[in-house]
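So you can see what is in the structure, the chains are spelled out below.
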Amino acid sequence: MGHGLRDFLTRQEAAGDVLRIKPEIDTISEMGAVIARSDYEKIGKGLLFENPKDFDIPVFANTIGSTYRRIAESFGVDEARAVPGAAERMRSAMMNPVAPIHVGREDAPCQEVVLTGDDIDLGILPILRLNPQDGTKSRDFKDGRFICAVACSKPAEGAHNLSYHRFEITERDGGSVWIFRGTGDAKSMEESWGAKIDDPSSSWDKDKAKPFPMAFVIGVGPEMVLAAANSALPYKNDDFAFIGGLTNEPVRLTRCATIDVDVPADAEIIIEGVFMPFDWTIQGRFASFNGFYDEPRRRPVFKVTAITMRKKPIYQHIHIGRPLNETNNIAAFFRSVKVYQDLVQVLPNVVDVFVDPSAGCGFTAHVSIDKKRVGEPRMAMMRAYTALQGFCKHVFVYDKDIDIRNPHERDWALAHRFMADRDLLVVPDVLGNILDPLAQGDAGATAKLGVHDGHNAIPKGVRTFMGVDCTLPLGLKIMERVLPDPEVEARVDALWPQIVNAG
């Protein structure tokens, strides 16, 4: 079947699942808006931008998209049972890995062109500005281009770690990267540097610290896009062997040209580089999963040591911005799987889990159970909260007859099976998430809300009223919400008929 983007595109085109976009689209102000529009309207097809303005490299977006369809296809499971099905397929792949195979440069399409030294120029790539305010408020602000792609590192000999980190381009040969805390790469970087990423400078030992190498891999198949977001994989695991176990086909790897990291030989573009110990800069604002702009923060500098690529590459983009989007969809799916895996250990009668990608891809979780005992819904609430290590903020539990992915059925269950004085669980002052806009500064810690469908002992004709205030508290300063630019949207409106009818 093949793990490369081209094999995937061939299959998708044969199925009529690729939308070729022929009009010239600007990568700074328009392309991100077009992708966001397709996510909101659930176009469902991959988007191939054939004419990015000022670039001769086409851009492919929506490898996964904003629905579960391609996720289910990648795991070989039914879409309606994607979460439980993927949990089982993941367990099988981890127990039966297929080791990758290594090939030389002559057999690696990703190294048909190798740029090093003065030839390195990230400006040749059609890197997008995803959202109108991305990159602003940075001292290095240029135009807010961020690479959203699979990152690959080598945490130990024989191990390969795939992940995602946001990479802001501020120089022809580099920029800054947010290495998310708690990820395998954060742990690996700390091991190389001999210090925690957030340790004070007084604890740094620059003589003993080692540079940390990483490669950004652009242009891969959906299995690799998904594996990079799978936090269930140990960080010193061989993630490529997991992909091989999932597809029953070994991944072809080749060694990078300038760093000791192995990358998929059939990828389109590889950006190789290193993080020098304790070299920091301020990264610009960036649309976060919560639908707000995260403020500028200190991030490590990434120095590009090589760009390698096919002779005529395709640039692959993984979109993040205003929910609903591809990144939120992928992250929410794997958080659904994580909650399901934890819940089934204590509640074998759990039916399904849906972490809503529009609700912070983890802040709100919906759980379906085949309820057998009073008290099980509350057990599900607390277990879901701990499964995501405090990330989850609201948990709703439903009977198995409710389709938890259907907002109409969820609202019906809330209206007809929930009684606030009996079915509401509120736990104040628990661990929350730094990017919760209502948990900033003086607003305090987040609270957890659990709602379930209750039990049968209800006096006839009696019910309880619950009011939920979803307005912002007056006078509270919070992060700025991600909103579309009206002028850009007007241009996309004019282009939209040409895009959706490109077929």
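Residues numbered from 1 in each chain as written. Predicted model: local features only at pLDDT ≥ 70, side-chain atom pairs only at ≥ 80, totals over all residues. Heavy atoms only, no water.

## Some words on the overall build of the chain
- Counting its regular elements, the chain contains 12 helices and 24 strands.
- The buried share of the chain, reckoned over its 503 residues, is 57%.
- Taking as baseline every contact in the chain between residues at least 6 positions apart, the subset at least 24 positions apart corresponds to 74%.
- Only carbon and sulfur atoms are counted for the fraction: they give 52% of the accessible area of the chain, which is about 21500 Å². (Helix = DSSP H or I, 4+ residues; strand = E, 2+ residues; numbered from the N terminus. Buried < 20%, exposed > 50% of the residue type's maximum accessible area, 1.4 Å probe, protein only. Contact = heavy atoms within 4.5 Å. Areas by Shrake-Rupley, 256 points an atom, 1.4 Å probe, with all protein chains shown as cover.)

## Comments concerning the sheet that holds strand β13 (residues 262–264)
- In space, the 3 strands of this open sheet follow the order β4-β12-β13, with mixed pairing throughout. Sheet topology places β4 (101–102) and β13 at the edges, where each strand pairs with a single neighbour.
- Relative to strand β12 (residues 252–255), β4 runs parallel, the two sharing 2 bridges. Following the sheet pairing, isoleucine 101 is matched in β12 by arginine 252. (Pairing = 2+ DSSP bridges.)

## Quick look at helix α9 (residues 376–387)
- Compared with the 16 Å implied by 1.5 Å per residue over 12 residues, the 16 Å span of α9 between its first and last C-alpha is a close match.
- Along α9, the residues that are buried comprise Glu376, Pro377, Ala380, Met381, Ala384, Tyr385 and Ala387.
- Two residues or fewer after α9 comes glutamine 389, characterised by a positive phi angle close to 55 degrees. (Expected span 1.5 Å × (residues − 1).)

## Quick look at the pattern of salt bridges
- By the definition in use, this model includes 32 salt bridges.
- Between arginine 491 and glutamate 30 there is a salt bridge, and its shortest N-O distance comes to 2.9 Å. Linking arginine 491 in helix α12 (residues 486–500) with glutamate 30 in the loop between β1 (18–21) and α2 (31–40), this pair joins segments that are 461 residues apart in sequence.
- Classification of arginine 491 by relative accessible area gives partly exposed; the value is 33%.
- Notably, a salt bridge pairs glutamate 73 with arginine 69, separated by 3.6 Å at the nearest N-O pair. Within this pair, glutamate 73 and its partner arginine 69 are both found in helix α3 (residues 69–75), separated by 4 residues, close to a single helical turn.
- The structure contains a network of salt bridges with shared partners spanning Glu13, Arg20, Lys22 and Glu50. (Salt bridge = Lys/Arg side-chain N within 4 Å of Asp/Glu carboxyl O.)

## Observations concerning the nonpolar core
- With 133 residues, the main nonpolar core has Phe49, Phe75, Ile147, Phe167, Ile271, Tyr315 and Phe333 as its most contacted residues.
- A per-element tally of this core places helix α8 (residues 326–346) first, with 8 residues.
- Once you skip the residues sitting within four places of it in the chain, tyrosine 315 turns out to touch Ile57, Pro58, Val59, Phe60, Leu125, Pro126, Ile127, Leu128, Ile147, Ile218 and Ile269.
- Among the nonpolar cores identified, the runner-up in size contains 7 residues, and Leu9, Val18, Phe60 and Ile314 belong to it. (Core = buried A, V, L, I, M, F, W, Y, C linked by side-chain atoms within 4.5 Å.)

## Structural notes on unusual backbone geometry
- A cis amide bond links proline 323 with the next residue in sequence, leucine 324, at an omega value of 10 degrees.
- Tracing the sequence through the fold places leucine 324 in the loop between β19 (315–317) and α8.

## Some points on the confidence of the model for the chain
- This prediction gives the chain a mean pLDDT of 86; 88% of its residues lie at or above 70.
- In the model of the chain, strand β24 (residues 448–451) stands out as the element of lowest mean pLDDT, 58, in contrast to strand β5 (residues 113–115), which has the highest, 98.
- Across residues 441–446, confidence stays below pLDDT 50; counting only partners more than four residues off in sequence or on other chains, it has 12 contacts.
- In the model, residues 458–468 has pLDDT below 50 throughout and makes 11 contacts with residues more than four positions away in sequence or in other chains. (pLDDT = per-residue confidence, 0-100.)

## Considering the sheet that holds β1
- The strand order across the open sheet formed by 4 strands is β1-β2-β3-β19, and the pairing between neighbours is mixed. Each end of this open sheet is capped by a strand with a single partner; those strands are β1 and β19. This sheet shows a mean twist of 20 degrees between the axes of neighbouring strands, independent of strand direction.
- Where strand β2 (residues 46–49) lies against strand β3 (residues 59–61), 3 bridges are found, and the strand directions are antiparallel. Its bridge partner being in β3, leucine 47 is matched across the sheet by alanine 61.
- Where helix α1 (residues 5–14) meets the sheet, its contacts fall on β1, β3 and β19, and the angle it forms with β1 comes to roughly 100 degrees.
- Helix-sheet contacts for α2 involve β2, β3 and β19, and the interaxial angle to β2 is about 160 degrees. (Axes fitted to C-alpha atoms, helices over the stretch in contact; angles between N-to-C directions.)

## Some words on helix α4 (residues 82–95)
- Its 14 residues place the ends of α4 20 Å apart at the C-alpha level, agreeing with the 20 Å of an ideal helix rising 1.5 Å per residue.
- Residues Ala82, Val83, Pro84, Gly85, Ala86, Ala87, Met90 and Ala93 constitute the buried set of α4.
- Packed against the buried residues of α4 are α3, α7 (239–247), α8 and β20 (350–355).

## Quick look at the packing of α4 against α8
- Interhelical geometry of α4 versus α8 gives an angle of 75 degrees and a closest axis separation of 9 Å. As summarised for this structure, α4 and α8 are arranged roughly perpendicular, according to the angle between their axes. On α8, the residues that touch Ala82, Val83, Pro84, Ala86, Ala87 and Met90 of α4 are Phe333, Phe334, Ser336, Val337, Tyr340 and Gln341.
- Counted by class, the contact of α4 with α8 contains 10 nonpolar, 2 polar and no charged residues. (Parallel < 35°, antiparallel > 145°, perpendicular 65-115°, else oblique. Nonpolar A, V, L, I, M, F, W, Y, C, P; charged D, E, K, R; others polar.)

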